[in-house]
Amino acid sequence: MAHFSRNDEAMLQAMLKQLFQSVKEKITGAPSLECAEEILLHLEETDENFHNYEFVKYLRQYICNTLGSMIEEEMEKCISDQNQREEPGYDTVVQCVTKRTQESKEYKEMMHSLKNIMMVVVESMINKFEEDEIRIEERQKKIQKEKSNSYCTDNCSDSYSSFNQSYKFCQGKLQLILDQMDPGQPKEVRYEALQTLCSAPPSDVLNCENWTTLCEKLTVSLADPDPVFSDRIVKFYAQTFTLSPLHMTKEIYTSLAKHLELYFLSRESHIPTLSTGIDISNSNVIRLLKKVRLLNEYQKEAPSFWIRHPEKYMEEIVESTLSLLAVKHDQNHLVSQKILDPIYFFALVDAKAVWFKKWMHAYYSRTTLLRLLEQKYKSLITTAVQQCVQYLELCETMKADDILRHSKHCGNKRKNFYYSGQELQYIYFIHSLCLLGRLLVYTQGRKLFPIKLKNRKDSVSLIDLLVLFTQLIYYSPSCPKMTSAAHSENYSPAGMVTEVLQILCDQKECAMECLYNSTVIEALLQPIHNLMKGTEAASYCSETALIHIADILARIASVEEGLILLLYGENVNSSEEENPTGAHIIAQFSKKLLDEDTPIFSGSEMLPVVTGAFISVCRQIYGTCEGLQVLIPYGLHESIAKAWRKTCLLSERIPTPVESSDSVSSVSQQSQNIMAWEENLLDDLLNFAATPKGLLLLQRTGAIKECVTLMFNRYEKKLQISRHKKFGYGVMVTQVASTAAGAIALQTSGFINALITELWTNLECGRDDVGVIYPRSTPVDPIDRSCQKSFLALVNLLSCPAVYELLGNQDLPNKAEYSLREVPTCVIDIIDRLIILNTEAKIRSLFNYEQSHIFGLRLLSVICCDLNTLLLLEAQYQVSEMLLNAQEENILETSESCRDFIIDGLSVERNHVLVRINLIGGPLERILPPRILDKGNDPYPWSMFSSYPLPNCYLSEVTRNADIKEDNDLSKLLLRLSISDKQTEWIENCRRLFCTMMKTKPDTISGVALVELLEKFVFHLSETSSECYFPSVEYADTTVSVIFSKVTFQNGEQVLVRYGKFLNLLKDGAENHLSWVLKHCKRFLKQQQAPVKSSLPFERYLPIDTIESGIHPIYFCSAHYIEMLLKAEVPLVFSAFHMSGFAPSQICLQWISQCFWNYLDWIDICHYIATCVFLGPDYQVYICIAIFKHLQQDILQHTQAQDLQVFLKEEALHGFRVSNYFEYMEILEQNYRPVLLRDMRNVRVPST
């Protein structure tokens, strides 16, 4: 207080005045003193300028100067105490410091001093305020001297403080105000009465008995010719809307709506006509627009709170609004002399009908609104439709240039202050468009159609309206400037219609009823037809309109129902030549744009944008298996690749900019445009990789490396894979990794490096941005949740072709020492550091040895489910030997004769992997030990081992001998089939009898008789040219030795022999005979190999580009159709795959490549082979679909558990029998055989 001077007092008074002046409206609107105090207490939460007030800055500085050093000391003490007690977190420190500060002596002294200072300042301000109020009161008394005895003095507040002006209206007080507001009273008296009314608390006004009379008086006063008085009435309405409860604002709203309705119906009102337009600088127009805007603002706010009140209040507001908007003037005079209806003014203040959108959003108000529209106010919908029809007719009759020129001429008449009649019509059209668009979103809104229009014979149906919308996109001009230059929203008709259609596309039910219709699709494609035919109408379709159309088509194509409509139309059986579907037209047009075969757009700067927009539609189509089948004939992949190479050359030719800033800017812009176009084309090519056959086409373009690099760059930036794709990069990465070329591209792009680095960070290092204050929690799951995503990504990546490319002929590093900072960068490093831990150096290099090694063993278990991968790892790294040695080291010798295995997480995991990789068999033929321990005295009853052979407990006791009766039954079949001499008849009889036996006695189809039957059948097939896919070849047995990978060959041979002996199919000494057969098979295939480096059998009969791609026909043909049929037949499973980021093609390739070994029992493997031989190769596809149908519930469960990939690769197909699904597969054959067999035969046909 000693340092507090008069200057300080004046300064504080100025600061407080600034604060109260800023919050004056909030405080004066408070109904009570307590409310005002609450407003001030929560000012920091509600006022964004709170910290900018000088008084707040003063308080902050005062506190800092007084308590700053003490707060810092307390913080240091608390942090020190926290580290010792290990208390959690920042919040505890803040609470502790706050508590100690408030309890300190310094704080209490500061508060006492601050209160004394503020008391002096506030008392001084109150004294000045009371003096000012006394002077004001004396001046008012002079004005009202004659009527001073009429004022009611009781119940009035005797305090002039702004915080307690809460006096009660008595009945006489309100009646006096009503009398004083009479138009016959002097102006000053009426002003004063209105001022008194505005200063009274709304609750007091509402509780008076004369409130209804007051509403009527206010309604009349709104039409007062005195503009000042009328404006004050509007301000009172605005204040009531802001501060009063709904049941009061409802009365005010309906009063204002009724006034406007009467105003528009009155013949004495000065309402502009359509021909004169609206001059918004005119005082009458200003007052009218203020009232309309006030009504509209309340319309937007009311839905946020009216659900808390009785429904009748909301109904009255809705009905008064519709009643006002439905006002129509006499239409007998000419259109040019038409008096503007209320809807024109509402459109001016809310062009996009936001009020209608908000009212339709909630079911509570939507039900009432639609009921009233249907029963009483359907004319509003009719006039909205009429407005859209008239605007389209105007666009069709006038050229776009004329419309624009006329609009600009009108717009320049009085800039920013005048709306011409045509501009008003356009604004009304925009309002109608938005209103109708929102109406169509809802089922009950669509039921209001069809609409009957005047001067039109036919009613306007829902489809008619959608066709009209689409026609507006390409018939309408860009749009006149309807608002001020500062207004940044887009009001072009094409843009507005596109916005409406986009909303409809996003609502599936609405889109199916409105957009997925051949008539609407034809309307969207009409400008493309015109451009391709070169008709006169083509010149009226702008590039912008085409971009809008492409956007809508892309949204339609991104949904299954819309895609089917574009691919096949509504009449699936119609001829493509006579009536090409939307997909064909879009593909043809896109190809023309890519080839720059559209003269109308030659040299246009917008050509790349238009082309990109239509290619994005094609992307939605060829990104699906069925869509790609339709678009393959157009060779879009070749056209896109050609355009990309041309763009690459252009980017290299961009000149170096000179010093001129304009030159630098133009060259830089040109360079950015070309680079963006180049990236878009690469992205379009990349989307071919979404399907197996699309990946083959991408590989043929030679751009797969660049595409994968682009994908990796987008993945690193965490960008969405595509605008309309619902899921991420998982499926595409899985598809790419299923081929050798794709695996190489993933490696060179840096994708694999980034994936492994992220894995190592989560598994070993931890995040760099997390402070190491507390130790990491011990993982509960074998694979911690932080590493689960990386684990699944590696499982997706390491398909058999990828493993051969990434690991083939590569030795392990096996370093003598590993730095703790040395991070793996490739797959071989993961094998070396996490799986084959055969040295102490590797173990010491891991921070979390057990957790990391379990991760590696789990990964090994999954990738070794592919037998080809298993043979490679065995041949190169001897994984079995490594695991056995590790188990040997895990033995505890309790005595000379007793050796026990130490049971821990690693030994249990190794035991499981050893059994899995050394024992072949289906679900009933082998037993895999669990990975978890049991409860009880014997937690792990399974035998562990550190050398071969495997313990007998893992060998199933399934019956291994074929019944003689089974062979006899099949022998009878052979005798019955030998009667006929005709090959074709014999083949058909054999197929028919095979199907019968598969349905009735499937177990009889096995053994030696099945082998004999297969040999005879294949012989007859080879003699029938129509049944041969490849020409027959004479095998020349030469003495030339064939070079094998000896270790791999021997390992594979051993696996075959073990499995054959287990099934009692091979006897002792069969190894030599088997080796002889395999060598001759190798020689036979070698004779048919083309002189191109590849691993495909029968290469000589495949096209050269297919051979060079290295992609197997099983992948790009069979797996492609598996995905296509899966989407149609078992859609839930197809969606589950996409949600899991895994492709069905990869697991099917693995199943088929190893002939379902380890997935089916031997008898079902025989049935699978026999079915494909007897009935055709397309049954390969049907069997996979039947498997997915069988596994549907399991797949859905494991999708939810986020381990679908692991489940499908590791688990056998329990409970699946080929014979059980034979009838289902016959149905699939009837539906899909023509397409599948035709494409399988075309595998030999070169691409054109």
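In this text, all values refer to a predicted model and were calculated from it rather than measured experimentally. (Residues numbered from 1 in each chain as written. Predicted model: local features only at pLDDT ≥ 70, side-chain atom pairs only at ≥ 80, totals over all residues. Heavy atoms only, no water.)

## Some words on the packing of helix H27 (residues 543-557) against helix H30 (residues 607-622)
The packing of two helices is summarised by the inter-axis angle and the distance between the axes.
At step 1: One can describe the packing of H27 onto H30 by two numbers: an axis separation of 9 Å at closest approach and a directional angle of 10°. When the axes of H27 and H30 are compared, the pair comes out roughly parallel. In the packing of H27 onto H30, the handedness of the crossing is left-handed. Facing H27, whose interface residues are Glu543, Leu546, Ile547, Ala550, Leu553, Ala554 and Ala557, H30 presents Val609, Val610, Ala613, Phe614, Ser616, Val617, Gln620 and Ile621. (Axes fitted to C-alpha atoms, helices over the stretch in contact; angles between N-to-C directions. Helix = DSSP H or I, 4+ residues; strand = E, 2+ residues; numbered from the N terminus. Parallel < 35°, antiparallel > 145°, perpendicular 65-115°, else oblique. Left-handed = near helix turned anticlockwise from the far one by under 90°. Contact = heavy atoms within 4.5 Å.)

## A short note on a negative patch on the surface
At step 1: Together, Glu72, Glu73, Glu76 and Glu106 make up a region of like negative charge exposed at the surface.
At step 2: Per element, the largest residue contribution to the negative patch is three residues, and it comes from helix H5 (residues 54-85).
At step 3: Along the chain, glutamate 106 turns up in helix H7 (residues 105-143). (Patch = residues over 30% accessible without salt bridge, like charges linked within 9 Å, V, L, I, M, F, W, Y side chains within 5 Å. Areas by Shrake-Rupley, 256 points an atom, 1.4 Å probe, with all protein chains shown as cover. Salt bridge = Lys/Arg side-chain N within 4 Å of Asp/Glu carboxyl O. Lys, Arg positive; Asp, Glu negative; His and termini not counted. Charge placed at Lys NZ, Arg CZ, Asp CG, Glu CD.)

## Observations regarding unusual backbone geometry
At step 1: A cis amide bond links phenylalanine 449 with the next residue in sequence, proline 450, at an omega value of 10°.
At step 2: A cis geometry characterises the amide bond from tyrosine 948 onward to proline 949, with omega recorded as 0°.
At step 3: Position of proline 949 among the secondary structure elements: in the loop between helix H46 (905-918) and helix H47 (964-977).
At step 4: A positive phi angle, close to 55°, is found at glutamate 596, a residue other than glycine.

## Focus: the packing of aromatic side chains
At step 1: Overall, the coordinates contain 38 aromatic pairs when judged by the stated rule.
At step 2: Centroid distance phenylalanine 264 to phenylalanine 345: 5.5 Å. Interplanar angle 55°. Geometry classified as tilted. You can see phenylalanine 264 sitting in helix H13 (residues 246-265) and its partner phenylalanine 345 sitting in helix H16 (residues 342-349), a full 81 residues away along the chain. Taken individually, phenylalanine 264 and phenylalanine 345 each receive the classification buried, so the pair is uniform in this respect. (Phe/Tyr/Trp six-rings, centres within 6.5 Å; stacked < 30°, edge-to-face > 60°. Buried < 20%, exposed > 50% of the residue type's maximum accessible area, 1.4 Å probe, protein only.)

## Section: the confidence of the model for the protein
Close inspection of predicted coordinates is inappropriate for parts of the model with low pLDDT.
At step 1: Summarising the model, the protein shows a mean pLDDT of 83, and 82% of its residues fall at 70 or more.
At step 2: Taken element by element, the predicted model of the protein shows its lowest mean pLDDT in helix H20 (residues 400-411) (46) and its highest in helix H57 (residues 1179-1190) (97).
At step 3: Note on residues 1040-1044: pLDDT is under 50 here. Beyond four places in sequence and across chains, it has seven contacts. (pLDDT = per-residue confidence, 0-100.)

## Some words on the pattern of salt bridges
At step 1: Throughout the structure, instances matching the rule amount to 34 salt bridges.
At step 2: The salt bridge involving glutamate 315 is made with arginine 371; its shortest N-O contact spans 3.4 Å. Here glutamate 315, found in helix H15 (residues 311-325), pairs with arginine 371, found in helix H18 (residues 363-375); they are 56 residues apart in sequence, far enough to count as distant.
At step 3: Its salt-bridge partner being lysine 815, residue glutamate 822 comes within 2.4 Å of it at the nearest N-O pair.

## Section: H18
At step 1: Its 13 residues give H18 an end-to-end C-alpha distance of 18 Å, which sits within 8% of 18 Å, the value for a rise of 1.5 Å per residue.
At step 2: Buried positions along H18 lie against H15, helix H17 (354-361), helix H19 (378-397), helix H21 (421-440) and helix H22 (443-446). (Expected span 1.5 Å × (residues − 1).)

## What about the nonpolar core?
At step 1: By size, the foremost hydrophobic cluster in this structure holds 335 residues, and its most contacted members are Leu373, Phe469, Trp1151 and Phe1156.
At step 2: With 12 residues, the top contributor of residues to this core is H21.
At step 3: If sequence neighbours within four positions are ignored, leucine 373 has contacts with Leu322, Phe356, Lys378, Leu380, Ile381, Leu439 and Leu448. (Core = buried A, V, L, I, M, F, W, Y, C linked by side-chain atoms within 4.5 Å.)

## Quick notes on the packing of helix H11 (residues 211-222) against helix H12 (residues 227-243)
At step 1: Contact pair H11 / H12: the axes reach a minimum separation of 9 Å and the direction vectors enclose 135°. Taken together, the axes of H11 and H12 are oblique relative to one another. Relative to H12, the crossing made by H11 is left-handed. Between H11, through Leu218, Thr219, Ser221 and Leu222, and H12, the contact on the second element is made entirely by Phe229, Ser230, Ile233, Val234, Phe236 and Tyr237.
At step 2: Counted by class, the contact of H11 with H12 contains seven nonpolar, three polar and no charged residues. (Nonpolar A, V, L, I, M, F, W, Y, C, P; charged D, E, K, R; others polar.)

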